[in-house]
Amino acid sequence: MTEIPHDLGAFDAISPGDDVAPMRLALAMGASVRTSTSPNPWVGAVVVAGNGEVVGTGATAPVGGSHAEVNALQQAGDAARGGTLYVTLEPCCHVGRTPPCTDAVIAAGVSRVVIGIVDPDEKVAGNGIAQLKSANIAVDLGVSSEEISEQLRPYIHHRKTARPFVLAKIAATLDGHTAAEDGSSQWITGEAARCDAHRLRAESDAIVVGAGTVRADNPSLTVRHVEGRDPLRVVLGSAPKEAKIHPCLEWSSSLDELLDELGARGCLQVLIEGGSTVLGSFHTADLIDRWAVYLAPGFMGGSPRYSLVNSTPVASISEFASGRVLESRQLAGDVMLLIEPPHRNGVPT
């Protein structure tokens, strides 16, 4: 059973009428299992007794295990009766790998359920809420919905499009070099940035590179600096038989068909790591949902021989479209920028 992360502090009691604090705790519980639940969403849940005491916390277990609500209610036991359940995503109401969570919620005897967002999965999509209300349980919806929607963005995107959320990752100097003149690139950024990039790998279900990158760098594309599962490795083209990337999926059809295939396999997020031609292809096809850009505070000088993105240059400044910086983080001596492309600017996916 998932425990409350140590850095959350103590929640001895929740003030009457305060739904935000317990939902923040549920958000943190969901974040604590981000790398282990896919293709299920990383959901968090909290049970608050009638006296305001937090009596149960839970998060989604790996595939085949219990969902967040069930784990939180099991921890609460009889103390859940008459209390309030807080959960980031609407409880499921159908039989999948586990029984319906709504059955467990009703059986636990809670008097109220506070839900962050409706589950976009067509098997749920409001039906879970309807079942709870039919059992005379009060339901409130929308607490911390923006934060939860952002946390579950890849899951929501997959359920709405049947494709994985596409995250592109690059590392470069301030003047746009991804490698030196001789092609060497290990390492442009420092250890903290590399660990963060491996976090992105652990959060992704698949990772895509071009055959040229495989031949030039022979990467393993595994998760090493953080805890987490190795993603499915995908090569656009063919990989040499002796390449470290094996076993992998070698792909020769279109990028659209690739995303359809990965979506059908249950991949919620795919990480595009390069090289520049692959990044340019996804960029030109308007398939990238977010960019994770790692910048080293230095200059190599001259015109980049190895550019960030190999695509058709903008002819005039009037054609330039700027995206939006969603997050910036200091990683020791480097900086990571999380960027939403201009075509996604302000448009939920």
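Definitions and cut-offs
- Residues numbered from 1 in each chain as written.
- Predicted model: local features only at pLDDT ≥ 70, side-chain atom pairs only at ≥ 80, totals over all residues.
- Heavy atoms only, no water.
- Helix = DSSP H or I, 4+ residues; strand = E, 2+ residues; numbered from the N terminus.
- Rg over C-alpha atoms; globule rule 2.2 N^0.38 Å.
- Buried < 20%, exposed > 50% of the residue type's maximum accessible area, 1.4 Å probe, protein only.
- Contact = heavy atoms within 4.5 Å.
- Areas by Shrake-Rupley, 256 points an atom, 1.4 Å probe, with all protein chains shown as cover.
- Lys, Arg positive; Asp, Glu negative; His and termini not counted.
- Charge placed at Lys NZ, Arg CZ, Asp CG, Glu CD.
- Axes fitted to C-alpha atoms, helices over the stretch in contact; angles between N-to-C directions.
- Parallel < 35°, antiparallel > 145°, perpendicular 65-115°, else oblique.
- Left-handed = near helix turned anticlockwise from the far one by under 90°.
- Nonpolar A, V, L, I, M, F, W, Y, C, P; charged D, E, K, R; others polar.
- Core = buried A, V, L, I, M, F, W, Y, C linked by side-chain atoms within 4.5 Å.
- Salt bridge = Lys/Arg side-chain N within 4 Å of Asp/Glu carboxyl O.
- Polar contact = N/O pair within 3.5 Å; in protein donor to acceptor, adjacent residues only side chain to side chain.
- Phe/Tyr/Trp six-rings, centres within 6.5 Å; stacked < 30°, edge-to-face > 60°.
- Lys NZ or Arg CZ within 6 Å of the ring centre and 35° of its normal.
- Pairing = 2+ DSSP bridges.

Student: Let's hear about the overall build of the chain: which residues, and what values?
Tutor: Across its full length, the chain holds 10 helices and 13 strands. Against the compact-globule benchmark of 20 Å for 349 residues, the chain has a radius of gyration of 22 Å, which places it among compact chains. Viewed in the frame of its principal axes, the chain has a C-alpha envelope of about 70 × 40 × 40 Å. In the chain, which comprises 349 residues, the share counted as buried stands at 50%. The long-range fraction of contacts in the chain, counting pairs at least 24 apart against all pairs at least 6 apart in sequence, stands at 72%. Carbon and sulfur atoms provide 50% of the accessible area of the chain, an area that totals close to 16100 Å². Within the chain, the 40 negative side-chain charges are centred at a point lying 4 Å from the centre of the 27 positive side-chain charges.

Student: How would you summarise the environment of Leu-89 if you had to cite specific residues and measurements?
Tutor: Assignment of secondary structure puts Leu-89 in strand S3 (residues 84-89). A relative accessible area of 3% means that Leu-89 is categorised as buried. If near-sequence neighbours (up to four positions away) are discounted, Leu-89 is found in contact with Pro-41, Val-43, Glu-69, Ile-115, Ile-117, Val-118, Asp-119, Pro-120, Leu-152 and Tyr-155.

Student: I'd like a rundown of unusual backbone geometry, residues and numbers included.
Tutor: Cis geometry is adopted by the peptide bond preceding Pro-39, which originates at Ser-38 and carries an omega value of 15 degrees. Cis geometry marks the peptide bond from His-246 to Pro-247; its omega dihedral reads 0 degrees. At Ala-125, a residue that is not glycine, the phi angle is positive and equals roughly 45 degrees. Mapped onto the secondary structure, Ala-125 falls in the loop between strand S4 (112-117) and helix H4 (127-134). Its relative accessible area of 43% is what places Ala-125 among the partly exposed residues. In this structure, Ala-332 is a non-glycine residue whose phi angle is positive, near 55 degrees. Tracing the backbone shows Ala-332 in the loop between strand S12 (324-331) and strand S13 (334-340).

Student: I'd like a description of the packing of helix H3 (residues 101-108) against H4, backed by residues and values.
Tutor: The contact between H3 and H4 brings their axes to 10 Å, and the two run at 25 degrees. Looking at the two axes, H3 sits roughly parallel to H4. The element H3 and its partner H4 pack so that their crossing is right-handed. Across from Thr-102, Val-105 and Ile-106 in H3, the residues of H4 making contact are Gly-128, Gln-131 and Leu-132. For the contact of H3 with H4, a count of residues per class yields three nonpolar, three polar and no charged.

Student: Explain the environment of Val-214 to me, and be specific about the residues and the numbers.
Tutor: With respect to the helices, strands and loops of the structure, Val-214 is situated in helix H8 (residues 211-217). Counting along the chain gives 106 residues from Val-214 to Phe-320, while the straight-line C-alpha distance between them is 32 Å. Setting aside its immediate chain neighbours within four residues, Val-214 contacts Val-209, Pro-219, Val-235, Ala-239, Pro-240, Ala-243 and Ile-245.

Student: Give me the lowdown on the nonpolar core, citing residues and values where you can.
Tutor: With 44 residues, the main nonpolar core has Val-47, Val-105, Val-110 and Val-113 as its most contacted residues. Here the element with the most residues in this core is helix H1 (residues 20-31); it accounts for six residues. Not counting the four nearest positions on each side in its chain, Val-113 is found in contact with Leu-85, Val-87, Val-105, Leu-132, Ile-137, Ala-138, Val-139 and Asp-140. In this structure, Leu-249, Val-270, Phe-282 and Ile-339 belong to the second largest nonpolar core, which totals 24 residues.

Student: Describe the side chain of Glu-90, naming the residues involved and giving the relevant values.
Tutor: Relative to the helices and strands, Glu-90 resides in the loop between S3 and H3. Here Glu-90 is buried and forms no salt bridge, its nearest opposite-charge partner Lys-133 lying at an N-O distance of 9.5 Å. A polar contact is formed between the side chain of Glu-90 and the backbone nitrogen of Gly-128, at a distance of 2.9 Å. Within the local environment of Glu-90, its side chain forms a polar contact with the backbone nitrogen of Ile-129, the two atoms lying 2.9 Å apart. In this structure Glu-90 touches Ile-115, Ile-117, Val-118, Asp-119, Val-124, Ala-125, Gly-126, Asn-127, Gly-128 and Ile-129, once residues within four positions along its chain are discounted.

Student: Account for the packing of aromatic side chains, with residues named and values stated.
Tutor: For the coordinates displayed, the defined rule picks out zero aromatic pairs. In this arrangement the basic side chain of Arg-34 is found over the ring face of Trp-42, its NZ or CZ atom lying 3.8 Å from the centre.

Student: Report on the sheet that holds strand S10 (residues 269-274), specifying residues and quantitative values.
Tutor: Spatially, the eight strands line up as an open sheet ordered S9-S8-S7-S10-S6-S11-S13-S12, and their pairing is mixed. Strand pairing shows two members of the sheet lacking a second neighbour, strand S9 (249-251) and S12, which therefore form its edges. The average angle at which neighbouring strand axes cross in this sheet is 20 degrees, direction not considered.

Student: Pulling in residues and values, what's your account of helix H6 (residues 153-161)?
Tutor: Turning to H6, its buried residues number three or more, namely Arg-153, Pro-154, Tyr-155, Ile-156, His-157 and His-158. Of the residues trailing H6, Ala-162 is marked for its positive phi of about 65 degrees.

Student: Residues and numbers for the sheet that holds S3, please.
Tutor: The strand order across the open sheet formed by five strands is S2-S1-S3-S4-S5, and the pairing between neighbours is mixed. For this open sheet the edge positions go to strand S2 (54-59) and strand S5 (138-141), each flanked by a neighbour on one side alone. Averaged over all pairs of adjacent strands, the angle between their axes in this sheet comes to 15 degrees, without regard to strand direction. Relative to S2, strand S1 (residues 44-48) is paired through five bridges, and the arrangement is antiparallel. Bridging from a neighbouring strand, Val-47 pairs with Gly-56 of S2. Running over the sheet, H1 touches S1, S2, S3 and S4 and is turned about 145 degrees from S1.

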